[in-house]
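Examination of the molecular architecture
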Amino acid sequence: MSRPTTRRLVSAGMGLLTALAAVVVILPLILIFAFLLYKGASALNSDLFTQLPKPVGEPGGGMANAIVGSLILIGLAACLGLPVGILGGVYLAESRDRRLPWLVRFLADVLNGVPSIVIGIFAYTVIVLPMRRFSALAGGFALGIIMLPIVLRTTEELVRLVPASLREAALALGIPEWKVILRVVLPSARAGIITGVMVAVARIAGETAPLLFTAFGNRFWHGGLDQPIAALPLQIFAYAISPFDDWHRQAWAGAIVLIGMVLVASVAARVVTRGRYRPAR
Amino acid sequence: MSREAALRISSKTLGAGQGVGDRGFRLLTRAAALGVTALMAALVVAMAWAALPSLEAFGWRFLVTSTWDPVAETFGALPFVYGTVVSSLLALLIAVPLSLGAAIYLAELAPPWIRQPIAFLIELLAAIPSVVYGLWGIFVLAPWLRTSVQPALGTWLGFLPLFQGPPYGVGMLAAGLILAIMIVPFITAVAREVLLAVPNAQREAALALGATRWETTRMAVLRYGRSGLIGAVLLGLGRALGETMAVTMVIGNRPEIALSLFAPGYTMASVIANEFTEATSDLYLAALIEIGLLLFAVTVAVNALARLLVWSAGGGVREVRE
């Protein structure tokens, strides 16, 4: 009778071990949030949201330009990522072709795994080099490419989920197919598509690497979309590797703001669909 | 009626789908989809074009020489390739057992009420931006390694060449650890989806034969989802290879090949991040872009393989789960 007991012990032991693994996996989350609050809370004040950075060495100042810059970059990225992503997603879901959708789906998933710094180099070669200057446009372009595969794949999967009966009902009324898609199919998939968009926004809001040599950063308000522009992650990076204690504090505070933006986007994505759908990753 | 059938009826029987609007709309969506294909092609062409001076000047030697001297314009990428490979492998070594364990717990063994909250926390972890990990790495992880972990490792395991040398805090060990922390939620999430896609009949069959929960998991679930799990690990590897900011902030940024994990290193992504805007000559810039091209080729290969594996395991076919 000893063998069944050993087997049961092994089973319980592995249950315990895997539970331990789950705890260890969660641990960094707690540590990171604890240190964010502990180190950043003291520098989290209204200056952060309203002031420009002070010149090197002077204490105080804020990150207002970087916060606005990040929002502008996200907006520019959406101009590229949303239309192409949603239309392409509709194509993937609706096409009766076999090979092209497979290829596009595959390339989109691969593109999703391309390191963001490589996307930055691409944006540099096709936009910064011809324009001969770093610009908000180049940064938005790079972020848009990162956004594209996420929006594309989420839209595809959501459009597939729209019940055929809805489509049939609309088609039976004699409405052209394109109108059915725009007025019936897409609106009924809207919640899920918004989820995909918010997930994509959460991802690009924190991207730093592709902005290093496209948007470049700026210590002042930007002077137009063809000029370098500040971004919150860039500012955090610059402050983190600087030698000044005050800047370190501001980097932590900036990180709280950035995490806040990312979490708002992620939680909004969950609330919209109430957990009915998990987005592409 | 299936969606396909409905569409067939709409276009053939009813004569819909033939109007100008329909054709135009179809062209538009097709163009958007083709745009993704064109984008990938453009990525390759533009970067290869920009890397051309370096490709011509150094050829294959670029990969196997370790001199990185912008003044003399001699460039060899070996230290960066080494740093990327070692930091990523170190990350996998730590991350794979943890994330597979956590995924198995979440998909198979955990009591149902605890699964959703933990999965949510892991998704939060995946949403933290790289630069925030880097910030935490510089000011929390690296000092902790310097004052506690590295002296201890040096005392107990110092006979191994891996754990010799002065404890800087920043270096290969810090980079591997921060990468591990970053890819764990990612591998866990994909692996969990692969496990959830394993049909219940597999579990029921094993349980019906008298297997315990763990035996069921090991023999019926893990074996069935094996290729998908390998895919999940490869997706994590792809992330680790290309991860830039956090690694740049903690690896120490010195283009040297050192056996010790305590020593500073450099990775392909971080040399691009650090030196791209400082590249003064065309050849220097081309050499950096060639590193980017190399990184691109490697991550595309890893990701392509990973996606095919995950797709074949059914993890890519996501469904609505109430």
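Overview of the structure. (Residues numbered from 1 in each chain as written. Chains lettered and ligands numbered in written order. Predicted model: local features only at pLDDT ≥ 70, side-chain atom pairs only at ≥ 80, totals over all residues.)

A few words on the overall build of chain A. Summing up its helical and strand segments, chain A has 11 helices and zero strands in all. For chain A, the α and β elements follow one another from N to C terminus as α-α-α-α-α-α-α-α-α-α-α. Dimensions along the principal axes, computed over C-alpha positions, put chain A at roughly 70 × 70 × 35 Å. Considering chain A as a whole, with its 281 residues, one finds that 54% of them fall into the buried category. In chain A, the share of contacts with a sequence separation of at least 24, taken over all contacts with a separation of at least 6, comes to 73%. (Helix = DSSP H or I, 4+ residues; strand = E, 2+ residues; numbered from the N terminus. Buried ≥ 20, exposed ≤ 12 C-beta atoms within 10 Å, placed from the backbone. Contact = placed C-beta atoms within 7 Å.)

Glancing now at the interface of chain B and chain A. Between chain B and chain A, the contact holds 84 residues from the first and 79 residues from the second. Here the side of chain B that touches chain A takes 17 residues from helix H2 (residues 20–58) of chain B, the largest share from any one element. Its residues assigned to classes, the side of chain B that touches chain A comprises 55 nonpolar, 21 polar and eight charged. (Nonpolar A, V, L, I, M, F, W, Y, C, P; charged D, E, K, R; others polar.)

A word on helix H5 (residues 112–127) of chain B. Here H5(B) spans 24 Å end to end across 16 residues, near enough to the 22 Å set by a 1.5 Å rise per residue. Listing the buried residues of H5(B) in full gives B:Ile118, B:Ala119, B:Ile122, B:Leu125, B:Ala126 and B:Ala127. (Expected span 1.5 Å × (residues − 1).)

All names here are of chain A. Of note, Gly89 is situated in helix H3 (residues 64–94). The exposure class of Gly89 is buried, given the 30 C-beta atoms found within 10 Å. Expressed as a C-alpha distance, the spacing of Gly89 and Leu263, which sit 174 residues apart in the sequence, is 25 Å. Once residues lying within four places of it in the same chain are set aside, the contact partners of Gly89 are Val151, Leu152, Thr155, Glu156 and Val159.

Okay, helix H6 (residues 130–157) of chain B next. With 28 residues, H6(B) extends just 31 Å between its outermost C-alpha atoms, more than 12% less than the 40 Å of an ideal straight helix rising 1.5 Å per residue. Of all bends in H6(B), the biggest is about 50 degrees, found at B:Leu145. (Bend = angle between axes of the 7 residues up to and from the residue.)

Attention shifts here to unusual backbone geometry. One non-glycine residue with positive phi stands out, namely A:Arg132, at about 65 degrees. Positionally, A:Arg132 belongs in the loop between helix H5 (116–131) and helix H6 (136–161). Its 7 C-beta neighbours within 10 Å are what place A:Arg132 among the exposed residues. Notably, B:Glu73 is not glycine yet its phi reads approximately 55 degrees, a positive angle. Its place among the elements puts B:Glu73 in the loop between strand S1 (68–69) and strand S2 (74–75). Its 13 C-beta neighbours within 10 Å are what place B:Glu73 among the partly exposed residues.

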